[in-house]
Amino acid sequence: MATQEERVRRNELLRESLTLYEQEECEVACAKYLMDFEGIRDEQAARMESAGMLDDRRRPRLMRERHVAYLMKGLGGLGGSYVALDASRPWLCYWILHGMDLLDALPEEKIDDCVATLAKCRSPTGGYGGGPQQLAHCAPTYAASLAIAVLGTRRAYESVDRKGLYAFLLSMKDPSGGFRMHDDGEVDVRGTYTALAVAALFNVLTPELAEGAAAYALRCQTYEGGFGGEPGVEAHGGYVFCALAALVILNATDAVDLDALERWLARRQTRVEGGFQGRTNKLVDGCYSFWQGGTLALVAHVRRGHTRSDEAPPGLVWRPGGRAPPPAPPPPADDLDLDLDLDLDGCRGPTLGDERALQRYILLCAQVYPEGGLRDKPGKNRDYYHTCYCLSGLAASQRLYGDDASTVVYGDPGNLLHETHPVFNVRVDKVARAAAFFAGLPHTHAELTSA
């Protein structure tokens, strides 16, 4: 039987853990940046104003020029340290181009070069690989598709082999209803979302392709309220976004337990830092500014016009602990309606997160001063991935409800970015442009599989 001393020591060990120590260190590191600039010395304020970090009223600024310069440097060529990302070339294109597009600095002179680079990554099997002559994979196919949408030119659109792309996506479909990431690869909600997003963007989302996908994504919701990568695993911010975005594309959110999802999302915003963690008991990370923040915008879309529980549409779960009804059968072939516009007007109610605290984290902790670029957290290096998703999270949090009347901008008013589409994470106007181009092209299963 344990002695009193042993019981006391055991209780101390239960209170102490590496996770808690790391969290305390992270909070201390971030607190150094989350300062009030009113009281700093004039010479320090002048330096920060010169770098674009503060405005003339000492409000935090988005260092647009520094970020654009950093992103532009990446388009010009990457050093040897990026060899580990050789299988992520479409991703690098998307991260850089989308970041610049949000900053209204897309370089027109580089567009044709980018189209040519993406075309070299196209696989003979119809999808895109991580680089020339690499295996077709849903992730770089998704990245290449988003990059093409960002470029937004006729040449970019016409570089897409829609029939080949449709054949590749069909070949990734699994009997479970989900999609594989690549030939003989894993089946998860990430593969499911990326396949559906690509299909929706290029107007090849047929009932045959969508069959069973909604039911698969719904099975990934966990007891916590979030979504895991596959049924039965822990909820994670990236997979939460993928699952809900896939269900929004399919107009199949009625069976989502929104109350549980909202609670899970609200708990992922960190108390001291203001940014988001990816899952329970993890540290804040700038990229989740979008993966979690963008999901908040999707939730707002799902709640649109139904801000009170007694106004919930039939079948939608509002009550804590409520059980979701069985998934509805897929719509008939003539009724697969894609709501790409995501009209959020009329969506009101208390916000789940603190948009200002999130923007404060991005501007003060994620911006790299004075060089430019954005990062995971203080102590980490800048990179193109975090630059893209920190900017995306900033944009999503500024227009959580998708209209100018509910715009929230922390710091200098010039921090307002272009609106990003919460399903695709591409500027809303670019999604509309792509939808208009591909709307009139063949889009039925028979047309897309004909010789």
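All values derive from a computational prediction rather than experimental measurement. (Residues numbered from 1 in each chain as written. Predicted model: local features only at pLDDT ≥ 70, side-chain atom pairs only at ≥ 80, totals over all residues. Heavy atoms only, no water.)

Quick look at the confidence of the model for the protein chain now. Scored by pLDDT, the protein chain comes out at a mean of 88, with 86% of its residues at no less than 70. Counting interchain partners and residues more than four positions distant, the pLDDT-below-50 stretch residues 305–335 has 43 contacts. For the stretch residues 343–350, pLDDT sits under 50, and the model shows 24 contacts to residues farther than four places along the chain or on other chains. (pLDDT = per-residue confidence, 0-100. Contact = heavy atoms within 4.5 Å.)

Positionally, Asn 203 belongs in the loop between helix H10 (189–201) and helix H11 (207–210). Residue classification places Asn 203 among the buried residues on the basis of a relative accessible area of 18%. There is a polar contact of 3.0 Å between the side chain of Asn 203 and the backbone oxygen of Phe 438. At 3.5 Å, the side chain of Asn 203 and the backbone oxygen of Ala 439 are in polar contact. Not counting residues up to four positions away in its chain, the partners in contact with Asn 203 are Arg 162, Phe 438, Ala 439, Leu 441, Pro 442 and His 443. (Helix = DSSP H or I, 4+ residues; strand = E, 2+ residues; numbered from the N terminus. Buried < 20%, exposed > 50% of the residue type's maximum accessible area, 1.4 Å probe, protein only. Polar contact = N/O pair within 3.5 Å; in protein donor to acceptor, adjacent residues only side chain to side chain.)

Right, let's talk about the packing of helix H5 (residues 89–102) against helix H18 (residues 384–398) for a bit. At a closest axis distance of 9 Å, the pairing of H5 and H18 adopts a crossing angle of 40°. On the basis of their axis angle, the class for H5 and H18 is oblique. Both H5 and H18 take part in a crossing whose hand is left-handed. Across from Trp 91, Leu 92, Tyr 94, Trp 95, Ile 96, His 98, Gly 99 and Leu 102 in H5, the residues of H18 making contact are Tyr 384, Tyr 385, Cys 388, Tyr 389, Leu 391, Ser 392 and Ala 395. Of the residues belonging to the contact of H5 with H18, the class tally is 12 nonpolar, 3 polar and no charged. (Axes fitted to C-alpha atoms, helices over the stretch in contact; angles between N-to-C directions. Parallel < 35°, antiparallel > 145°, perpendicular 65-115°, else oblique. Left-handed = near helix turned anticlockwise from the far one by under 90°. Nonpolar A, V, L, I, M, F, W, Y, C, P; charged D, E, K, R; others polar.)

Under the defined criterion, the tally for this structure stands at 18 aromatic pairs. When the ring of Trp 95 is compared with that of Tyr 385, the centres are 5.4 Å apart and the planes differ by 75°; the resulting orientation is edge-to-face. On the criterion of sequence distance, the pair formed by Trp 95 in helix H5 and Tyr 385 in helix H18 is long-range, its members being 290 residues apart. Overall, Trp 95 belongs to the buried group, its relative accessible area being 10%. On the accessibility criterion, Tyr 385 (24% relative accessible area) is partly exposed. Here Tyr 193 and Phe 241 contribute two aromatic rings whose centre-to-centre distance is 5.4 Å and whose plane-to-plane angle is 80°, an arrangement assigned as edge-to-face. Linking Tyr 193 in helix H10 with Phe 241 in helix H13 (residues 237–249), this pair joins segments that are 48 residues apart in sequence. Classification of Tyr 193 by relative accessible area gives buried; the value is 1%. Taken together, Trp 91, Tyr 94, Trp 95, Tyr 142, Tyr 193, Phe 241, Phe 290, Trp 291, Tyr 385 and Tyr 389 form an aromatic cluster joined through their ring pairs. Above the ring of Tyr 33, the side-chain terminus of Arg 375 is found at 5.3 Å from the ring centroid. (Phe/Tyr/Trp six-rings, centres within 6.5 Å; stacked < 30°, edge-to-face > 60°. Lys NZ or Arg CZ within 6 Å of the ring centre and 35° of its normal.)

Once that is clear, we can look at the packing of helix H7 (residues 138–151) against H10. Between H7 and H10, the least distance of the axes is 9 Å, while the angle of their chain directions is 35°. In this structure, the crossing between H7 and H10 has a hand that is left-handed. In contact with Cys 138, Thr 141, Tyr 142, Ser 145, Leu 146 and Ala 149 of H7, H10 contributes Gly 191, Tyr 193, Thr 194, Ala 195, Ala 197, Val 198 and Leu 201.

Our next topic: the pattern of salt bridges. The tally for this structure, following the rule as stated, stands at 18 salt bridges. Between Arg 59 and Asp 412 there is a salt bridge; the shortest N-O distance is 3.9 Å. Taken together, the residues Arg 59 in the loop between helix H3 (42–51) and helix H4 (64–76) and Asp 412 in the loop between H18 and helix H19 (428–438) connect sequence positions 353 residues apart. For Asp 412, a relative accessible area of 14% translates into the label buried. A salt bridge links Asp 188 to Arg 190, with the nearest nitrogen and oxygen atoms 3.7 Å apart. Taken together, the shared-partner salt bridges connect Asp 101, Asp 104, Arg 427, Asp 429 and Lys 430 into one network. (Salt bridge = Lys/Arg side-chain N within 4 Å of Asp/Glu carboxyl O.)

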